[in-house]
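Here are the chains, one letter per residue:
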Amino acid sequence: MVVPLMNLHIKSLGASHTVAGIIGSLYGIMQLFSSTFVGCWSDIVGRRYSLLACILLSALGYFLLGTSTTVLLFAVSRVPVGIFKHTLSISKALLSDLVSERDRPLVMGRFNAASSVGFILGPVVGGYLAELEDGFYQASFICASIFLLNAGLVWMLPWSEENTGNREHQQGNKGTDSFSAKANHDLHLKSGTNGAVASDSLFQSPWIQVATVLKRIKGIACSDLWDVFLVRLLMSVAILLYYSNFSLALEERFGVKALFSGYLLSYSSALGVLAGCLLGPITRLYQHNTYRLLLHSSTLTCTLIFLYASALSIGMVILSSTFLAFSTTIGRTCIIDLELTIGGNEASGTLLGVGQSVTSVGRIVAPLLSGIAQEFSPCGPPSLGVGLALVAILIMNANKQKYCSHGNVKLKNQ
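For the protein chain, the name recorded in an unreviewed UniProt entry is Major facilitator superfamily domain containing 9, with Bubo bubo as its organism. UniProt's Subcellular location (unreviewed entry) comment on the protein chain is quoted here verbatim: "Membrane". UniProt annotates the protein chain under Sequence similarities (unreviewed entry) with the comment "Belongs to the major facilitator superfamily."

In structure tokens form, the structure reads like this:
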């Protein structure tokens with residue numbers, strides 16, 4: 001709701017294009033380095049307190065943004081948001097704690113679908129508010145209010161072992177729980193254990209918490225998960241290269257207007273929501289084999305990007321965009337599930353934080369690669385993306401045995 005309006009607002013404050021770009025880059029850099037630390041911190045102090053802290057500090061950032069009348073205050077307002085707006089990652093880690101490994105792709109798919117709806121509706125609401133007087137400030141305050149509402153919802157959730165057990169018992173009696181009895185029993189035990197650990201860790205010295213965070217991050221860095229994160233980086237950059245010059249390339253290649261490109265991107269986003277809802281039947285079709293589903297979706301993504309790069313008509317572009325919405329949504333969910341399956345749920349916050357940092361690196365690298373590739377051809381960025389996706393597929397094939405094994409990769413600090 002706010003992000004599409006930010007460039008217009010900072011220019012209205014008198015900032016140059018360079019200053020606006022620097023502030024945007026600083027936000028990305030803060031996200032890059034903070035996601036791993038915040039994710040690991042959530043493993044130590046517990047999801048409830050870390051999620052509440054991130055939501056409230058993000059609300060503070062958007063409140064400051066709504067009062068920004070100078071470039072300096074605008075830049076300051078981006079600091080708490082850049083450091084602490086990792087609510088999606090922590091929510092995914094929380095879902096990973098609550099559901100069984102078998103049901104995780106289904107739940108993550110639904111979660112991603114809900115997030116996608118927000119990304120579809122947000123710009124529409126923000127665009128409407130922008131037409132009003134002081135519309136940017138109203139959008140910022142509404143955004144901060146929504147964060148505060150979310151903080152209240154998180155606080156009201158049943159977090160204790162007793163409440164969790166009662167909820168499971170009621171769901172079991174009604175027959176509406178989609179998870180197995182064993183998964184419910186594991187959740188009951190896990191919630192009690194995690195709650196006790198989180199309560200103890202919350203009152204530890206900040207220095208002890210920082211030392212524990214650094215120790216866990218070192219364990220991830222020294223583990224055998226490098227290939228999983230490399231696959232995530234390569235596929236992220238490949239998809240970002242596809243979208244990097246999408247509107248400009250369609251105009252140069254087929255002479256279509258930017259409005260048509262916008263409609264096509266919205267169409268793809270809507271299909272992404274549908275793909276998230278269909279993950280349940282798809283995973284059952286693959287017998288919950290995440291590796292095989294990831295390999296096939298990545299291969300399909302690579303093929304579709306190639307079709308787009310070599311398309312001779314706008315119809316081929318629409319066809320590739322249609323199926324690409326499904327393959328990328330499935331691939332994003334599967335790579336997260338594979339990280340948690342191989343790395344283990346004990347450090348789910350850390351793993352998701354590192355994964356988010358890897359994606360942030362892709363967001364930094366992709367524009368540079370896209371600019372270089374566009375010097376040669378409008379089809380240069382997607383063509384380069386095809387090459388990177390092929391490398392990711394080769395890495396997955398080379399490590400097939402590890403992905404298919406059921407044993408977790410032990411971290412060095414364990």
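This part is about the nonpolar core. Ranked by size, the top nonpolar core spans 50 residues in total, and within it Val 231, Phe 246, Leu 250, Tyr 308, Val 317, Met 396 and Tyr 403 carry the most contacts. Of all the secondary-structure elements, those providing two or more residues to this core are α11 (226–244), α12 (246–254), α15 (290–309), α16 (314–343), α17 (348–374) and α18 (380–398). When neighbours within four sequence positions are excluded, Val 317 is seen to be in contact with Phe 246, Leu 250, Phe 254, Leu 264, Tyr 308 and Ala 311. Cys 54, Phe 136, Ala 144 and Ala 151 belong to the second-largest nonpolar core, a separate cluster that totals 27 residues.

Now for the packing of α12 against α16. When two helices pack together, their arrangement is captured by the angle between the axes and the distance separating the axes. For the pair α12 and α16, the least separation of the axes is 11 Å and the interaxial angle reads 155 degrees. Looking at the two axes, α12 sits roughly antiparallel to α16. Judged by residue contacts, Phe 246, Leu 250 and Phe 254 of α12 engage Ile 314, Val 317 and Ser 321 from α16. For the contact of α12 with α16, the residue count by class is five nonpolar, one polar and no charged.

Turning to a nonpolar patch on the surface, a few remarks are in order. A surface patch of nonpolar side chains, amounting to about 530 Å² of accessible area, comprises Ile 22, Leu 26, Ile 29, Phe 33, Ile 364 and Val 365. Secondary structure elements with two or more residues in the nonpolar patch: α2 (17–45) and α17. The dominant element in the nonpolar patch, judged by the number of residues it contributes, is α2, at four residues. Locating Ile 29 in the fold gives a position in helix α2. Assessed through its relative accessible area of 38%, Ile 29 is described here as partly exposed.

With that settled, the discussion passes to the environment of Gly 385. Structurally, Gly 385 is set in helix α18. Spatially, the C-alpha atoms of Gly 385 and Leu 234 are 8.4 Å apart, while their sequence positions differ by 151 residues. When sequence neighbours within four positions are dropped, the list of residues in contact with Gly 385 reads Ala 238 and Leu 241.

With that settled, consider the packing of helix α5 (residues 87–98) against α17. Direction vectors running N to C along α5 and α17 enclose 145 degrees, while the axes themselves pass 9 Å from each other. Remark: the crossing between α5 and α17 carries right-handed chirality. Residue-level contacts link Ser 89, Lys 92, Ala 93, Ser 96 and Asp 97 of α5 to Ser 348, Gly 349, Leu 352 and Gln 356 of α17. Tallied by class, the residues present in the contact of α5 with α17 amount to two nonpolar, five polar and two charged.

Below, the discussion takes up helix α7 (residues 135–156). Along its 22 residues, α7 runs 32 Å from first to last C-alpha, staying within 8% of the 32 Å computed at 1.5 Å per residue. Every buried residue belonging to α7 is among Gly 135, Phe 136, Ala 139, Ser 140, Cys 143, Ala 144, Phe 147, Ala 151 and Val 154, and all of these are buried. At its buried positions, α7 is contacted by α1 (3–12), α3 (47–66), α4 (71–84) and α6 (104–130).

The next subject is unusual backbone geometry. Not every positive phi belongs to a glycine, and Asp 134 is a case in point at roughly 55 degrees. On the secondary structure map, Asp 134 appears in the loop between α6 and α7. We classify Asp 134 as partly exposed; its relative accessible area is 47%. Residue His 288 is not a glycine yet carries a positive backbone phi of 60 degrees.

The next subject is the packing of aromatic side chains. For the structure on display, the rule yields eight aromatic pairs. Seen in terms of ring centroids, Tyr 242 and Tyr 308 are 4.8 Å apart; in terms of plane orientation they differ by 70 degrees. Their pairing is edge-to-face. Of this pair, Tyr 242 sits in helix α11 while Tyr 308 sits in helix α15; the two residues are 66 residues apart in sequence, bridging distant segments of the chain. Like Tyr 242, the residue Tyr 308 is buried in the burial classification. Where Tyr 243 meets Phe 246, the ring centres are 6.4 Å apart and the plane angle is 50 degrees; that geometry is what we call tilted. Residue classification places Phe 246 among the buried positions, given a relative accessible area of 2%. Geometry around Trp 155 places Arg 48 over its ring, the cationic atom sitting 4.3 Å from the centre.

Now for the environment of Ala 238. Relative to the helices and strands, Ala 238 resides in helix α11. By relative accessible area, Ala 238 is classed as buried at 0%. Along the chain, Ala 238 and Leu 390 lie 152 residues apart, while their C-alpha atoms are 9.6 Å from each other. If near-sequence neighbours (up to four positions away) are discounted, Ala 238 is found in contact with Ile 305, Gly 385, Leu 388 and Ala 389.

Here the idea is simple: oppositely charged side chains can pair when their charged atoms come close. In the structure shown here, the tally under the stated rule is four salt bridges. The salt bridge involving Asp 337 is made with Arg 104; its shortest N-O contact spans 2.6 Å. Taken together, the residues Asp 337 in helix α16 and Arg 104 in helix α6 connect sequence positions 233 residues apart. Grouping residues by exposure puts Asp 337 and Arg 104 together as buried. For Arg 232, the salt bridge identified is with Glu 339, shortest N-O distance 3.0 Å. Of this pair, Arg 232 sits in helix α11 while Glu 339 sits in helix α16, placing them 107 residues apart in sequence. Given the relative accessible area of 11%, Arg 232 is considered buried. On the basis of relative accessibility, which here comes to 1%, the residue Glu 339 falls in the buried class. Linked by salt bridges that have partners in common, Asp 43, Arg 47 and Asp 97 make up one network.

Calculation rules
- Residues numbered from 1 in each chain as written.
- Predicted model: local features only at pLDDT ≥ 70, side-chain atom pairs only at ≥ 80, totals over all residues.
- Heavy atoms only, no water.
- UniProt positions renumbered as here; feature names shortened; annotations may be inferred.
- Core = buried A, V, L, I, M, F, W, Y, C linked by side-chain atoms within 4.5 Å.
- Buried < 20%, exposed > 50% of the residue type's maximum accessible area, 1.4 Å probe, protein only.
- Helix = DSSP H or I, 4+ residues; strand = E, 2+ residues; numbered from the N terminus.
- Contact = heavy atoms within 4.5 Å.
- Axes fitted to C-alpha atoms, helices over the stretch in contact; angles between N-to-C directions.
- Parallel < 35°, antiparallel > 145°, perpendicular 65-115°, else oblique.
- Nonpolar A, V, L, I, M, F, W, Y, C, P; charged D, E, K, R; others polar.
- Patch = residues over 30% accessible without salt bridge, like charges linked within 9 Å, V, L, I, M, F, W, Y side chains within 5 Å.
- Areas by Shrake-Rupley, 256 points an atom, 1.4 Å probe, with all protein chains shown as cover.
- Salt bridge = Lys/Arg side-chain N within 4 Å of Asp/Glu carboxyl O.
- Left-handed = near helix turned anticlockwise from the far one by under 90°.
- Expected span 1.5 Å × (residues − 1).
- Phe/Tyr/Trp six-rings, centres within 6.5 Å; stacked < 30°, edge-to-face > 60°.
- Lys NZ or Arg CZ within 6 Å of the ring centre and 35° of its normal.

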